[in-house]
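Geometric and topological summary
The residues making up each chain are set out below.
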Amino acid sequence: MHTATGVWRWRHNPLRRTTDLVEAWAMLAATLLIAVAAPATGWVCGALANAALQESVRVQHQQRHLTTAVVVRTAPGPASVPDPEVPSERAARVQVVADWTASDGSRHTGAVTTTQRGVRPGDRFRMWTDGRGRVVDRPMDSSTAGTHAAVAGIGAGVASVAIIEGGRRLVVWRLMQRRYARLDQDWARAGPDWGRTDAGS
């Protein structure tokens, strides 16, 4: 509102320059775009990202299956590896050799990791496999996909604000350059004697 009022006042001010009016209109346009276009951009990008991620969630849940593995023995190698999908207090994953049966009925044996502590031969734990029994990461859940989509939408909105404000600042910078150029021209026309020759001195 303050910006719009300023533009209206500048319209008939005898001291205004053309660049002043252009700068005021640029400010008004940027304000309106930030208020309307940036949230709209964020919402659209968030909605598109959410749709794509939710589809990915659906496909992952179709292609990945929970199965029960039986520990054969602990495996050589690192004692634990980090799991980015779980809180830090449960992030330690122990490497073991285990047997499991895939969703197609085939049996498999291999080195896998588990979050269970103090595992011993014969212990059971749940893990995710694909249709052929190969070990895969657990599928993304819907809430995680929604969080990622929200972050994408917020990022798109913030990026829109930055682009709009950057465009406004570029316009103002060009206007300032034009003002300085005109001021230099006026100084050159005034001459070193500031018009004393024309005044008859």
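Heads up: these notes are all about the structure in this document. Model, not experiment: these values are computed from the prediction.

1. Re the overall build of the chain
Helix and strand counts for the chain come out as three helices and four strands. Overall, the chain shows an N-to-C arrangement of helices and strands of α-α-β-β-β-β-α. In the chain, buried positions account for 24% of the 201 residues. Contacts spanning at least 24 positions in sequence make up 61% of the contacts within the chain whose residues lie at least 6 apart. Only carbon and sulfur atoms are counted for the fraction: they give 60% of the accessible area of the chain, which is about 13700 Å².

2. Some remarks on the pattern of salt bridges
For the coordinates displayed, the defined rule picks out four salt bridges. The closest approach of N and O atoms between E55 and R58, which form a salt bridge, is 2.4 Å. Pair noted here: E55 and R58 are both in helix α2 (residues 18-63), with a separation of three residues, about one helical turn. Taking the relative accessible area as the measure of exposure, E55 reaches 37% and is therefore partly exposed. A salt bridge links D130 to R134, with the shortest nitrogen-to-oxygen separation between them at 2.8 Å. One continuous salt-bridge network, built from bridges that share partners, spans E165, R168 and R169.

Definitions and limits used
Residues numbered from 1 in each chain as written. Predicted model: local features only at pLDDT ≥ 70, side-chain atom pairs only at ≥ 80, totals over all residues. Heavy atoms only, no water. Helix = DSSP H or I, 4+ residues; strand = E, 2+ residues; numbered from the N terminus. Buried < 20%, exposed > 50% of the residue type's maximum accessible area, 1.4 Å probe, protein only. Contact = heavy atoms within 4.5 Å. Areas by Shrake-Rupley, 256 points an atom, 1.4 Å probe, with all protein chains shown as cover. Salt bridge = Lys/Arg side-chain N within 4 Å of Asp/Glu carboxyl O.

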